[in-house]
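# Structural overview for review
The residues making up each chain are set out below.
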Amino acid sequence: MAPLLGSIADDFTGATDLAGVLVKHGMRTVQMIGVPRLPPPASSDAIVVALKTRTVPPRDAVEASLRALRWLRDAGCRQFFFKYCSTFDSNDRGNIGPVAEALMDALETDFTIACPAFPANGRAVFRGYLFVGDVLLHESGMRHHPLTPMTDANLVRVLQRQSTRRVGLVRFESVRGGEAEIRRAFANARSDGVGVAIVDATSDSDLMAIGAACRDLPLLTGGSGVAMGLPVNFRSQGLLARDQPAGRLPRIEGLEAVVSGSCSPATERQVAHMRNFAPAFQIDPLRVASGADVVAEAVDWASGRLGSGPVLVYSTTDPSTVKKVQDELGAERAGALVESTLAAIACRLVDAGVRRLIVAGGETAGAVVGMLRVEGLRIGDEIDPGVPWTVSLGERPLALALKSGNFGTDDFFLKAWSRLP
Ligand code: ADP
């Protein structure tokens, strides 16, 4: 059967986050990396296309999003979701407004919602104002974001500045009134000429009611939270199996490795923990910069050790060492050198028989899946919040856990193996 829900996410970790929510609520979900070239994978209820469009020029974001939409429509999806960050990361030019409107045009719909609320992560919308924890968006750390500083917490205003259609608000009172009230509020907004409605929500039950009210909308936009209300719609229409183990993955046999390029505090602790239990090889960016063949050194080192349990290859280090390296090489060059070195090592380890791989660091993971030419991931159950096991699509499937820097408990690198299917 064709997939039901087709989503377009404006960045990679946001896509994984959404995929995790859908799996948790019973949809077998595949995440595609970039606009797919492959035909849609079988046995999936939801597909999330991960783009990198959050901060590119609006025209490029629109173009990529429309290509993703075309692919998802061809795959047979019946409803579409545009996923962005729950802190509404954008600026006055876009890209939330322009992409949402382009998708509306393509889907020939005159109404959609914009709901970034994700109460479990402290994001709540009330009277159209976005709260991050206990403070308004513009009082949170987001006001200093290097690319998308958020200086206005009123999402109706924020979205209006980047939209041509009228932006309105579905208020908390309507949301608390439940599905029928929300539908009435949608109808009223529509008759007032509203094209996109910000929707208040401060709890998961609000999100479930909003999801129910959106059953017949061709397009929704929002954070991962509001997607939790969608699977039940498909189930009530008899399109989605009840109680299926949506996160069950095929078992992948093979050797095990961890490649870590994150220098976030949680990863530092995880590396320190694993070093007590497994052979470990540290990458020195200055040696890489001096032209030493660090990739070959790491692979030689690993080749004698791989058969007897997981190995760890890492560049993870403390902030003062990172700073020294950055002062010498420049932050951008240091980052790029380390990323490409770790990605090359990961590829060579896979050539040597590694089939179960954990990668720590968002950018590092992007570099590794890029060099491994991974086009899509079947999403499994979570190891720790926000980090699922996944299995790559294609002829040589790999079990991959791609861990954002600050995620996971200190024993994550060892615990993960015991959570493999
Ligand atoms: P996180 O998810 O923790 O932010 P990322 O992989 O996204 O991790 O980012 C870490 C960045 O730091 C990458 O660009 C990586 O190449 C770089 N890096 C890793 N180790 C070092 C190091 N020892 N010195 C300098 N830069 C490093």
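Refer to the preceding data block for the structure.
Below: a short report on this structure. Every chain is numbered on its own, with residues counted from 1 as its sequence reads. This being a predicted model, a pLDDT of at least 70 is required before a residue's local features are given, and a value of 80 or more before pairs of side-chain atoms are given or counted; all residues contribute to the totals for chains, interfaces and linings. To obtain the side-chain values, all non-hydrogen atoms of the structure were included, while hydrogens and water were left out.

### Digging into the overall build of the chain
Going along the chain from the N terminus, every DSSP run of H or I of four or more residues is numbered as a helix, and every run of E of two or more is numbered as a strand. A tally of helices and strands in the chain yields 15 helices and 18 strands. Here the radius of gyration uses the C-alpha set of atoms, whereas the globule reference equals 2.2 Å times the residue count to the power 0.38. Here the chain has a C-alpha radius of gyration of 22 Å; the compact-globule value for 421 residues is 22 Å, and the two agree. For the chain, the spread of C-alpha atoms along the three principal axes comes to 70 × 45 × 35 Å. Exposure classes here rest on a 1.4 Å probe applied to the protein chains alone. A residue is buried below 20% of its type maximum, exposed above 50%, and partly exposed in between. The proportion of buried residues among the 421 residues of the chain is 57%. Restricting the contact set of the chain to residue pairs at least 6 apart, pairs at least 24 apart contribute 75%. Accessibility throughout is a Shrake-Rupley quantity obtained with a 1.4 Å probe, and a residue counts as covered only by protein chains that appear here. If you sum the accessible surface of the chain, you get close to 17300 Å²; carbon and sulfur atoms cover 50% of it. His residues and chain termini do not enter the charge count, which takes Lys and Arg as positive and Asp and Glu as negative. In this description, the location of a charge corresponds to atom NZ of lysine, CZ of arginine, CG of aspartate or CD of glutamate. Each charge sign in the chain was given a centre, from 45 positive and 46 negative side chains, and these centres are 3 Å apart. Two residues form a contact once any of their heavy atoms are found within 4.5 Å.

### Points about the pairing of strand 5 (residues 112-115)
Regular strands place side chains that alternate from one sheet face to the opposite one. Side-chain alternation along strand 5 places T112 and A114 on one buried face and I113 and C115 on a second face that is also buried. Two strands pair under a simple rule: DSSP has to find at least two bridges between them. As judged from the three bridges shared by strand 5 and strand 10 (residues 194-199), these two strands associate in the parallel manner. In the sheet register, I113 faces strand 10, and the bridge partner there is A197. In this sheet, strand 11 (residues 219-222) lies alongside strand 5 in parallel orientation, the contact comprising two bridges. Directly across from A114, in strand 11, lies its bridge partner T221.

### Re the sheet that holds strand 8 (residues 135-136)
Strand pairs in the sheet, formed through backbone hydrogen bonds, run parallel or antiparallel to each other. Read across the open sheet, the three strands follow the order 6-7-8; overall the sheet is antiparallel. Because the sheet does not close on itself, it has two edges, and the strands there are strand 6 (123-126) and strand 8. Where strand 7 (residues 129-132) meets strand 8, two bridges bridge the pair, whose relative direction is antiparallel. Among the inter-strand pairings, V132 is bridged to a residue of strand 8, identified as V135.

### Overview of the pattern of salt bridges
By convention in these notes, a salt bridge is any Lys or Arg side-chain nitrogen within 4 Å of a carboxyl oxygen on Asp or Glu. What the rule picks out here adds up to 28 salt bridges. One salt bridge in this structure joins R161 and D92, with 3.1 Å as the shortest N-O distance. A residue pair is termed long-range when its members are at least 10 positions apart, and R161 in helix 4 (residues 155-161) and D92 in the loop between strand 4 (79-83) and helix 3 (96-107) qualify at 69 residues. Residue R161 is classed as partly exposed on the basis of its relative accessible area of 40%.

### Observations concerning the site of the ligand
For this purpose, a residue is taken to be near a molecule or strand whenever a single non-hydrogen atom of the residue falls within 4 Å of it. Among the 18 residues in the neighbourhood of the ligand, the closest are listed as S262, S264, E339, E363 and T364. In the analysis that follows, any N or O atom pair within 3.5 Å is treated as a polar contact, provided that within protein one partner can donate a hydrogen and the other can accept it, and provided that, for residues neighboring in sequence, both atoms belong to side chains. Contact distances for the ligand include 2.5 Å between an oxygen atom and a side-chain N or O atom of E339. In isolation the ligand offers 570 Å² of accessible surface; the protein chains occlude 82% of this area. Residue type decides the class: Asp, Glu, Lys and Arg count as charged, Ala, Val, Leu, Ile, Met, Phe, Trp, Tyr, Cys and Pro as nonpolar, and the leftover types, Gly among them, as polar. For the shell around the ligand, the class distribution of residues is five nonpolar, 11 polar and two charged.

### Digging into unusual backbone geometry
As a rule of thumb, non-glycine residues mostly have phi less than zero, and peptide bonds are mostly trans rather than cis. Cis geometry marks the peptide bond from G94 to N95; its omega dihedral reads 5°. Although it is not a glycine, S43 sits at a positive phi angle of roughly 50°. Looking at the secondary structure, you find S43 in the loop between strand 2 (29-33) and strand 3 (46-50). Residue classification places S43 among the partly exposed residues on the basis of a relative accessible area of 44%.

### Brief notes about empty space enclosed by the protein
A pocket, in this scheme, is an open set of points on a 1 Å grid over the protein atoms alone with protein on both sides within 12 Å along at least 5 of 7 lines, while a cavity is a set where a 1.4 Å probe fits but cannot get out; residues line either one if an atom lies within 4 Å of a point. Grid points are joined across faces, edges and corners, and a volume is the space filled by probe spheres set on the points. Counted according to the given criterion, the structure contains one cavity of 30 Å³ or more. The computed volume of the largest cavity comes to approximately 40 Å³. Every residue along the wall of the largest cavity is listed here: F12, T16, Q31, L377, I379, P388, T390 and L402. Its residues placed into classes, the lining of the largest cavity shows five nonpolar, three polar and no charged.

Keep in mind that these numbers describe shape and distance, not what the molecule does.
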